[in-house]
Structures are given as C-alpha cells and as structure tokens.
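Examination of the molecular architecture
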Amino acid sequence: MVELVTFSLLCVLLYYRVTRGDDCITTQTDSGAVYIKELEEAIDAASCSLVHAVTYSDYDVIDEEEFDFIVVGAGSAGCVVANRLSENPDWRVLLLEAGGDPDITSEIPGFNGAALNTNLDWHFPTEPQPTNCLGMVNKSCTLAAGKTIGGSSSIGGMLYIRGNPRDYNHWDNLGNYGWNYRNMLHYFKKSEDLRSVEVLTNEDARVFHGRGGYLKIESYRNDIEFYKHLLSRSFSEIGLQSFTDVNADNYRGFFTLQGTLNNSRRCSAAKAFIHNFQSRSNLKISKNSIVIKVLIDENKTARGVIFTKRGRYFIAKATKEVILSAGAVNSPKLLMLSGVGPRKHLEDLGINVIADLNVGYNFQDQLLMRGYVVSFDIEVPPRDPVDETFQFLIHGRGNLAGIGVLTVIGYIKTIQAAYPNIQFYFLYFAKNSTDSIRTSFTLLKFNDDVTRAILDINYRKYTMLIVPFLLRPKSRGRVLLRSADPMEYPKIYPGYLTEDSDVTDLLESIKFMDMLTQTRDMRRFGAKLEKIDLPACNNFPFRSELYWRCIIPQLSTPAFHQAGTCHMGPTKNDGSVVDPFLRVHDITGLRVVDASIMPTITSGSINAPVIAIAEKASDIIKQYWA
C-alpha cells in the first residue's frame, strides 16, 4: 500500500511539473509517514531539477545597443559559439533565439518526439513534388527543427554519431583546407566528456574520445537486451560484427549507440554550453526574439540585425561580427531577406541585391524508408507507467531513460558506394498498439491510408519496422523565399529521390533486409514481411521491384537533418556561399556557423558534427580577432 501511494504521488508530481511548470514546492507530511516523506522529498528534488535544467535567463536589449558579436540562433551551433566567444571577458556577446525555454519533457529521453509539431518546433512544410512525400497529408513532408534554447539538440533523439572520417576528408579535398577528419577529431574531443563504460573499456578510446568537455556522452540505460541480442546475432549470421563504439575505427556492422546524456537526462547544446555559463556578465541571451534582417551597409559590411520581440522592433549593433546559426532553413532565409542570394530570385521579390550568391541551393537531408514492416510471434508484457516514471526519476534507468531500439543500428555499403551509406533503425510495436502507432504516424503527417494500413498489420501481430536510412543522398533540393515578408515560411523543395541512384540504394537495402529476416534467430520468432495495403501500390506484385518503387516515395520521411544551403567552398565561383573560414563571400563581418555550411552531409545524425563545426568556427573567429 505504501508503494502504491508513493507511485501515485510520483505521477501527480511529474504531471504537475510537466503540465503546469510551476515553481518547485516542498512536500509536507506528518511524523508518522517518514518513509513516504523521504521518497516524496527525493521525487520532488528530482522533478525540481528537471524544472531548473530547462530554465534560461532572458535579457531585454536596448534599441541600438552595441555588442562585439551577435549570434543568431541558440541551437547546437549558436550555443557553442556564444559560450566560446564569451570566454573573452572583453567581448560582449548577444545570443538571439526565436523560441523560449525547452519543455520539461525534453529532459526525459523516453519522451523523444513529443515536441514535434508543438511551439518548440518550426515544423517547416515542404512543397509537393512528384518524387517524394506521397504518403503524407497534402503530399507534403514536415521538417522538424528546434525553435527553443538548444534548438534541435533540445528536441531530437540525442544520438551521438560523428559520421565517417571520409566525410570530412571529402570537404578538405573540395578545397576547404583544414576541415579534414584529423583536424575535426580535435574538436570532437574538445567538446566531449565521455562517460560510457562500454566505450571507455576499448583500447582505442583515448585516441578517439575526450574527457572533461562540456558535452556529456553516456550509454542509454533502458532495457533493450532482448532486441540487441536478436539483432546482433542476425547481423553476425550475415557476416557483420557487433561494436560498442560507432565513433571509433569501425564503420560497417552492428552498433550500440551512445547519446548526449548526463545522468540519463538530455544533455543538449544549451545544457552543455549555456546553462552553467548564462551568468557571465558579457553574455546576454534574448529569448522569443525573431531576427528579420541583417543590416549590411554600403561598404558591404554587416553592422547588426533587426529583430522583433513582444511586438516591438529592435536594432542590435555588432562592432565585430554577425554570426548566423539559425539552421539550414532559416540561415539562408535571413541572408536572402538581407539582400544576399540569387539575383533573379531576390529581384523578383523586390529585394535589393547586395551580393549575388547561390544561397538556398544544395539542400540535403537524409531519408528514412518506413515501408518494410515485419510481424513476429512475440508477446510483450505491458509496461507499468508508474514504475517506469519512478525508475527514471529516482534511479535514472528504465524505458524513460532511453529511446527504445533506436539506440542500436546497422551500417552497410551498397555496390555503388565507396563506404557505408545505409544505416538501419528498428522500431517495434507490441500487438495492437493502436494509440502508439496512430500518434507516431500522425506526428510524421502520414495520411489516413498509410496509418490505417500499418494499424491493420499491428492489430494481428507484434510489429517491427526495419528502417533503412539513406545517409548520403545524391538528390538535392532548394530553399526559396515565399515573399519578402520575414514572417512567412520559405518554400522548401526538398528534392528527395529526384536522383534514381538514391532509389537504387534503397532497393539494395531492401535485399539486405530480406536476408536479415531470413536469419535463424529471426525465423525462430516467426519473422514475416507484411504487405502494406496501399491503394496506390496494390496493383504491383508484392515484393517486386515495381512494388518497392511505389512504396519508397509513399513511405519515405525526412530525418530532420537539413544541411548544405549555405555550403562552404574556396571561392564564390564554385557556387559556395561561405569560404573555409565560414565568412560569407563578398560581405565583411558576416559568417554562417551551422549545418548549412556542409558541402555534403555527414554519415549519420548531424548534432555532433554541428557542435564540432561550431567549436572549430569559434577558434577561427578568436584567432582572427586576436
């Protein structure tokens, strides 16, 4: 009875914090309930720490106030740059963020995805195209991007994946000298505080990893041993080894991942680089501040920004630099609104052209194909949500401490690729998980036909989605302004699957999944590929190439890893927007520091690469102004 009362109290306290966000309270009990009182205090302290972790200061900028540096966007890159530049006490740094504080649920890994389509997410719609997003409402995908302190690092999956060394060596080979993997490894290690016991026991951990940095890296502490063993044995039967460190020297096989976590709580870029440093007198954070234009004078020098906050417009002046870290959609949007972009496009909208550059081109994002659905003869016992909450708050473990089977992945190489270019994720649903499936597919904006088809399969059987993840697509898209109105969302033509080589890679990944589901352990649990009942694809023979060529554009979704739209290159003549020092071509005092500078996207989640980019950019800026 005591445990029941305690667990019930726990749920009430957590619900109170999540939904109300009220100040922390001290729980009172009588002297006859010491046991309950101690647990109540532990629970209250745990929930209070969650509230404290997502609370950031807010500075009211005086109109025309001067700063040395203005950083636009408090995402993965902006938080790092603001921290590193404000290490110099003589430099005044302003960090502008369009959103506010993260929600308390962002601290809990098990609530991953809950922020999608909320006020913490920009949820940019894409423009309909004939090659992609055909299974979505209005044939439009939605691109998630964090609109909060910490940006996408506050709402994403927390996976710590650096990509392949060849990704960075390729950048260097394009003329971006200093961006090879040897140099970038220094910056990965600089930011990192590795705490994963599994990785630290590896002999080469010291070579590839850092200790003592601000960004905490841990293993997830949820229980997925059954799935890990099943999948690792299946990969082994095909001839692929299992590893504990995806960021070391092995890039093909089955991997257990680590995340940006601190004691099983999210360690966003904001938590790592801003939370404990926001009291610096020379660092000012202004939340809910939407920048609408960079001020560039007649000498093509950036002098500051115009932003709006609480219905008023403000000018903030920069005596040294304006640094755009607004992401691969908003950074090009801001440049174009400020007169930096493709001449004809800007002139058509009546915007004065200051620099004619290919801003908004080279849009890249990875793609997940969610149409490979396997049923199993498995019964999963129901979870106790009260106990799960207790285990997370008090012990930092359990299902709320992880993001399910997303923490184990496989890497393979297709025939036409030089190195691994397909990553596999695994999503599972217990039999008749109607609410979970409906929520998941609705968040991704799948239409009713798709959602109903998956529900029909899950109604009968335990269901696993084996999801091939196209890491380095050849297809390219573009971001354009919709109008000269800064409050309008831009037009995004993502270009997914416009290159047939991307479809070919996914078709090859399907052959690998066919082999995987035929392994001994998979067959032992009755693995069976299920046909998805979609009117658009029902005329094609199940499992034929025509069937899969129909399913792929219907059921492929973006990975929310937008990149490339202000890509770097040695000269503007190569079509680039910034040089290898991340300075905007033809403009003085203006840099871009975020995923948009990537010439080609890295092989995996991009949060870790963006943080390393920002670490390197911070050193570049410091050296320039030294």
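Preceding this paragraph is the structure being described.
The sections below set out a description of the structure shown in this document. Quick caveat: nothing in here was measured; it's all calculated off a predicted structure.

**Overview of the overall build of the chain**
Looking only at helices and strands, the chain features 18 helices and 26 strands. What you see for the chain is a C-alpha radius of gyration of 24 Å, in line with the 25 Å of a compact globule of 626 residues. Principal axes of the C-alpha set define a box for the chain whose edges measure 70 × 70 × 50 Å. In the chain, the proportion of contacts linking residues at least 24 apart, taken out of those at least 6 apart, comes to 73%.

**Brief notes about the sheet that holds strand β10 (residues 265-266)**
Strand order in the open sheet made by the 4 strands is β5-β6-β9-β10, with mixed pairing throughout. Each edge of the open sheet carries a strand with a single partner, namely β5 (192-194) and β10. As paired strands, strand β9 (residues 258-262) and β10 are joined by 2 bridges and run antiparallel to one another. Within β10, the position partnered with L261 by the bridge is R266.

**Considering the pattern of salt bridges**
Scanning the model with the defined rule gives 37 salt bridges in all. Close ionic contact of E127 with R482 constitutes a salt bridge, the shortest N to O distance being 2.8 Å. Of this pair, E127 sits in the loop between β3 (124-125) and β4 (142-143) while R482 sits in the loop between β22 (478-480) and β23 (491-493), and the two are 355 residues apart along the sequence. You can call E127 buried: its relative accessible area is 15%. The partly exposed category is assigned to R482, whose relative accessible area is 31%. For D356, the salt bridge goes to R343, with nearest N and O atoms at 3.9 Å. Placement of D356 in strand β16 (residues 355-356) and of R343 in helix α11 (residues 343-348) is noted, with a sequence separation of 13 residues between them. With relative accessibility at 39%, the residue R343 sits in the partly exposed group. Residues joined in a network through salt bridges with shared partners are R84, E87, K190, E615, D619 and K622.

**Quick look at the side chain of S268**
By secondary structure assignment, the location of S268 is in the loop between β10 and α9 (269-273). Once you skip the residues sitting within four places of it in the chain, S268 turns out to touch S153 and S154.

**A word on the pairing of β9**
Summarising burial for β9: 4 of the 5 residues are buried, a large majority. One ladder, built from 3 bridges, connects strand β6 (residues 215-219) with β9; its direction is antiparallel. Looking across to β9, one finds that I217 is bridged to T260. The hairpin turn running from β9 into β10, its antiparallel successor, is 2 residues long, and N263 in that turn takes a positive phi close to 55 degrees.

**Focus: the side chain of T260**
Topologically, T260 is positioned in strand β9. By relative accessible area, which is 1% here, T260 ends up buried. In this structure, T260 is in contact with M158, Y160, L215, K216, I217, R265, R266, C267 and N607, ignoring residues within four places of it in sequence.

**Let's talk about the state of the cysteines**
Taken as a whole and assessed by the stated rule, the structure comprises 2 disulfides. Here C133 pairs with C141 through a disulfide, and the sulfurs are 2.0 Å apart. Judged by the sign of its S-S torsion, about -110 degrees, the bond between C133 and C141 is left-handed. In this structure C141 comes out as buried when scored by relative accessible area, which is 1%. The side chain of C537 participates in a disulfide bridge whose partner is C550; the two sulfur atoms lie 2.0 Å from each other. Between C537 and C550 the disulfide shows an S-S torsion of about -85 degrees. By sign, it is left-handed. Of the two residues, C537 is situated in the loop between β24 (528-530) and α17 (545-555) and C550 in helix α17; the sequence distance between them amounts to 13 residues.

**What about helix α14 (residues 448-460)?**
For α14, spanning 13 residues, the distance from its first C-alpha to its last is 19 Å, which sits close to the expected 18 Å at 1.5 Å a residue. All of the buried residues along α14 are V450, T451, A453, I454, L455, I457 and N458. Contact partners of the buried residues in α14: β18 (373-376), β20 (422-429), α13 (434-443), β21 (462-470), β24 and α17. Of the residues that open α14, the one with a side-chain oxygen 3.1 Å from the backbone nitrogen of D449 is N447.

**Things to note about the packing of helix α8 (residues 225-238) against helix α15 (residues 500-517)**
Following both chains from N to C, one finds α8 and α15 inclined at 110 degrees, their axes separated by 9 Å at the closest point. Put simply, α8 runs roughly perpendicular to α15. Here α8 contributes S234, F235 and I238 to the contact with α15, which in turn contributes F512, M515 and L516. Considering only residue class, the contact of α8 with α15 consists of 5 nonpolar, 1 polar and no charged.

**A short note on the pairing of strand β14 (residues 312-324)**
When strand β1 (residues 65-72) meets β14, the two strands line up parallel, connected through 7 bridges. Bridge pairing in β14 places V71 opposite I323. Across 6 bridges, strand β13 (residues 302-309) lies against β14 in antiparallel orientation. If you follow T308 over to β14, its bridge partner there is Y313. Taking the residues between adjacent antiparallel strands as the criterion, β13 and β14 are bridged by 2 residues, where R310 takes a positive phi near 50 degrees. Pairing analysis gives 3 bridges linking β14 to strand β26 (residues 590-592), with the strands arranged parallel. What sits directly across from L324, in β26, is V592.

Conventions used here
Residues numbered from 1 in each chain as written. Predicted model: local features only at pLDDT ≥ 70, side-chain atom pairs only at ≥ 80, totals over all residues. Heavy atoms only, no water. Helix = DSSP H or I, 4+ residues; strand = E, 2+ residues; numbered from the N terminus. Rg over C-alpha atoms; globule rule 2.2 N^0.38 Å. Contact = heavy atoms within 4.5 Å. Pairing = 2+ DSSP bridges. Salt bridge = Lys/Arg side-chain N within 4 Å of Asp/Glu carboxyl O. Buried < 20%, exposed > 50% of the residue type's maximum accessible area, 1.4 Å probe, protein only. Disulfide = S-S within 2.5 Å. Expected span 1.5 Å × (residues − 1). Polar contact = N/O pair within 3.5 Å; in protein donor to acceptor, adjacent residues only side chain to side chain. Axes fitted to C-alpha atoms, helices over the stretch in contact; angles between N-to-C directions. Parallel < 35°, antiparallel > 145°, perpendicular 65-115°, else oblique. Nonpolar A, V, L, I, M, F, W, Y, C, P; charged D, E, K, R; others polar.

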